[in-house]
Amino acid sequence: MTTNGTATDSSKDIPVSVFTGFLGAGKTTIILSLLKQLPKDYKVVLLKNEFGDVEVDSELAKESSVEAVSEILNGCICCVLVGQMRSALLEIKEKFSPDRIIIESSGSAFPATLAWQVRQLEDEGLKLDSVVTVIDCVNFKGYEDNSPTAKMQAKYTDLLLLNKHELATERQLDSVLDSLYELNTETPKLKISRESPPKPSLIFGLLSESGSESKVFDMLEEENQDRKRLGFVGAEAKGVGHADADNGEVQTVNIWRGGKKPGHEHEHEHGHEHSHQHTEASTSTSQTPLTDSQVQSLTKERLDEYLSKVPSEEVWRVKGFLKLSDSEGDINATSSYHILNWAFGRHELHPASERMSEQLRQQGVEVRLTVMGARGDAKRRSKILAKSLGADVSQSARSIF
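This is a predicted model, so every value here is computed, not measured. (Residues numbered from 1 in each chain as written. Predicted model: local features only at pLDDT ≥ 70, side-chain atom pairs only at ≥ 80, totals over all residues. Heavy atoms only, no water.)

**Q** Is there a simple way to think about the overall build of the protein in this case?
**A** When its secondary structure is counted, the protein shows 14 helices and 17 strands. Taking all 401 residues of the protein together, 55% fall into the buried category. A sequence separation of at least 24 residues applies to 78% of the contacts in the protein between residues at least 6 apart. As displayed, the protein offers around 17400 Å² of accessible surface, 45% of which is attributable to carbon and sulfur atoms. (Helix = DSSP H or I, 4+ residues; strand = E, 2+ residues; numbered from the N terminus. Buried < 20%, exposed > 50% of the residue type's maximum accessible area, 1.4 Å probe, protein only. Contact = heavy atoms within 4.5 Å. Areas by Shrake-Rupley, 256 points an atom, 1.4 Å probe, with all protein chains shown as cover.)

**Q** When you look at helix 13 (residues 354–363) in this model, what are you seeing that I'm missing?
**A** In an α-helix, one turn spans 3.6 residues; hence positions three or four apart end up facing the same way. Those residues of helix 13 that sit buried are M356, S357 and L360. Here the buried residues of helix 13 occupy an arc of 100° about the axis, which is enough to place them on one side. Within helix 13, the exposed residues directed more than 90 degrees away from the buried face are E354 and Q362. Directly beyond the C-terminal end of helix 13, a positive phi value near 75° is found at G364. (Arc of directions from axis to C-beta.)

**Q** Which parts of the structure should I look at to understand the pattern of salt bridges?
**A** Two side chains with opposite charge may pair up if their charged atoms get near one another. Across all of its chains, the model carries 13 salt bridges by this definition. Via salt bridges that share partners, E314, D377, R380 and R381 belong to a single interconnected network. (Salt bridge = Lys/Arg side-chain N within 4 Å of Asp/Glu carboxyl O.)

**Q** I would appreciate a short explanation of the sheet that holds strand 15 (residues 346–351) in the present structure.
**A** One key point about sheets: their strands pair by backbone hydrogen bonds, in either a parallel or an antiparallel sense. Strands sit in the order 15-14-13-16-10-17 across an open sheet of 6 strands; the sheet is antiparallel. Looking at which strands have only one partner, the edges of the open sheet turn out to be strand 15 and strand 17 (392–393). Across 2 bridges, the pairing between strand 10 (residues 251–257) and strand 17 is antiparallel. Each bridged residue has a counterpart across the sheet, and for I255 the counterpart in strand 17 is V393. The strands touched by helix 14 (residues 377–389) are strand 10, strand 13 (315–325), strand 16 (367–373) and strand 17; relative to strand 10, the strand with the most contacts, the crossing angle is about 15°. (Pairing = 2+ DSSP bridges. Axes fitted to C-alpha atoms, helices over the stretch in contact; angles between N-to-C directions.)

**Q** Help me out: how do you make sense of the environment of S325 in this one?
**A** One can find S325 in strand 13. A C-alpha to C-alpha distance of 4.9 Å links S325 and T299, two positions 26 residues apart in sequence.

**Q** I keep staring at the environment of G320 and nothing clicks. Help me out?
**A** Its location among the elements puts G320 in strand 13. By relative accessible area, G320 is classed as buried at 0%. Separated by 64 residues in sequence, G320 and W256 have C-alpha atoms that sit 9.8 Å apart.

**Q** Even after reading the chapter, I still don't get the environment of V253, so can you show me in this structure?
**A** Checked against the element boundaries, V253 lands in strand 10. Since its relative accessible area comes to 2%, V253 is described here as buried. With 117 residues separating them in the primary sequence, V253 and T370 have C-alpha atoms 5.7 Å apart.

**Q** Explain helix 12 (residues 300–307) to me, please; I cannot follow it from the model alone.
**A** Buried within helix 12 are the following residues: L303, Y306 and L307. Around the axis of helix 12, the buried residues are gathered within 95° of arc, so they sit on the same side. Elements in contact with the buried residues of helix 12: strand 13, strand 14 (335–343), strand 15 and helix 14.

**Q** So what exactly am I meant to see when it comes to the pairing of strand 7 (residues 126–136) here?
**A** Both faces of the sheet carry side chains from a regular strand, because those side chains alternate between them. Judged by how many residues are buried, strand 7 sits mostly within the fold: 10 of 11 residues are covered. Pairing between strand 7 and strand 8 (residues 159–163): 5 bridges, direction parallel. Note on strand 8: the bridge partner recorded for V134 is L161.

**Q** Any chance you could explain the side chain of E314 here in plain terms?
**A** For E314, the position within the fold is in the loop between helix 12 and strand 13. We classify E314 as buried; its relative accessible area is 18%. A polar contact is formed between the side chain of E314 and the side chain of R380, at a distance of 3.3 Å. Setting aside anything within four residues of it in sequence, one finds E314 in contact with G373, A374, D377, A378, R380 and R381. (Polar contact = N/O pair within 3.5 Å; in protein donor to acceptor, adjacent residues only side chain to side chain.)

**Q** Would you explain the pairing of strand 10 in this entry?
**A** The element strand 10 is largely enclosed, with a buried count of 7 among its 7 residues. Covered by surrounding structure in strand 10 are Q251, V253, I255 and R257 together with T252, N254 and W256, the residues of both alternating faces. As paired elements, strand 10 and strand 16 share 7 bridges and run antiparallel to each other. Paired with V253 across the bridge in strand 16 is V371.

**Q** Hey, could you run me through a negative patch on the surface in this one?
**A** Taken together, E170, D174, D178 and E182 make up a surface patch of like negative charges. Tracing the sequence through the fold places D174 in helix 7 (residues 170–183). (Patch = residues over 30% accessible without salt bridge, like charges linked within 9 Å, V, L, I, M, F, W, Y side chains within 5 Å. Lys, Arg positive; Asp, Glu negative; His and termini not counted. Charge placed at Lys NZ, Arg CZ, Asp CG, Glu CD.)

**Q** Whenever I open this one, unusual backbone geometry confuses me. Can you help?
**A** When glycine is set aside, most residues are seen to have a negative phi, and most peptide bonds are trans. If you check the backbone angles, S97 has positive phi at about 45° while not being a glycine. On the secondary structure map, S97 appears in the loop between helix 3 (77–96) and strand 6 (100–104). One non-glycine residue, F344, lies in the positive phi region at around 50°. Residue F344 is classed as buried on the basis of its relative accessible area of 9%.

Okay, structure coming up:
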């Protein structure tokens, strides 16, 4: 039986759909648009890996029809591939028995390696459906030369979704298409937007309907050669599925005010094993004491002003939670928590759920943001933004993409 292109026969293997794409390309938005089109009794589990301390995309996903969200923090896909991918997928299969699993990878994922890791679980009742890459038509050319992995994701995929094409100029779009055809001639390219999201019948069952398998399987050796050429040391030998930290393309920095200092620190040791050390967050609060007036003074208008000064050439993504006041400087004004999603100069604010708001309130959080951008620039710009917000910058962040 098929519903909207989604198999519902419980005797079949559980299909696994993989979404890749650079920061701010729109992966989460596209996934949510697909979920909203599915039947209410069709169960999907989303396995995400995130950059930084905050789980903003996962919080948005929890508000949708997704059955569960399994989060891997700090955007380090190797944590999933080397230590947790197998156990995470098998736990999802056992606990939820979903109709489909969606893996939303960070921009650090090497598609062919990730595809092969999933393929190793076919005997366990899981089958890779396809690898889908989301392209930001407005900003792709801006980071193309600085992000080898962004180009590799455009090259090693079963489908390219051209997102934000309606926001791009004709010249921008032509330039993006020229680059994509140079990287990947044969792969289908589909224009999508918020007003015209992709249909589940196209994305889900992309290959299974014809009985074929992902072409990315046959591209693993070519991807390995690309990784060597680009200087991702030891990646092939270790089976690592992301860009090595020593070749960091993206730096992440935490901005925080109130609550515990973000302290999820990743240290990569490049010996025979790829290990990860996670230090617990300290219990110290912001270093700079704030008056009641300062705490209550952050309004939407003031936030818009601060964000307008963030250069998209140096900072590519800002996401997290903030407590915003209805009136500036009024300690009696009503305040509420919001989810900020800023990418390349554009941003959205969504009210946080009652559950998340209460959790943040109990933790004493006022500001909790993760900033992602070019190495060096991201930290420098984060300090400027943090000062405007009366917040501090976590010193534990490092290049991990």
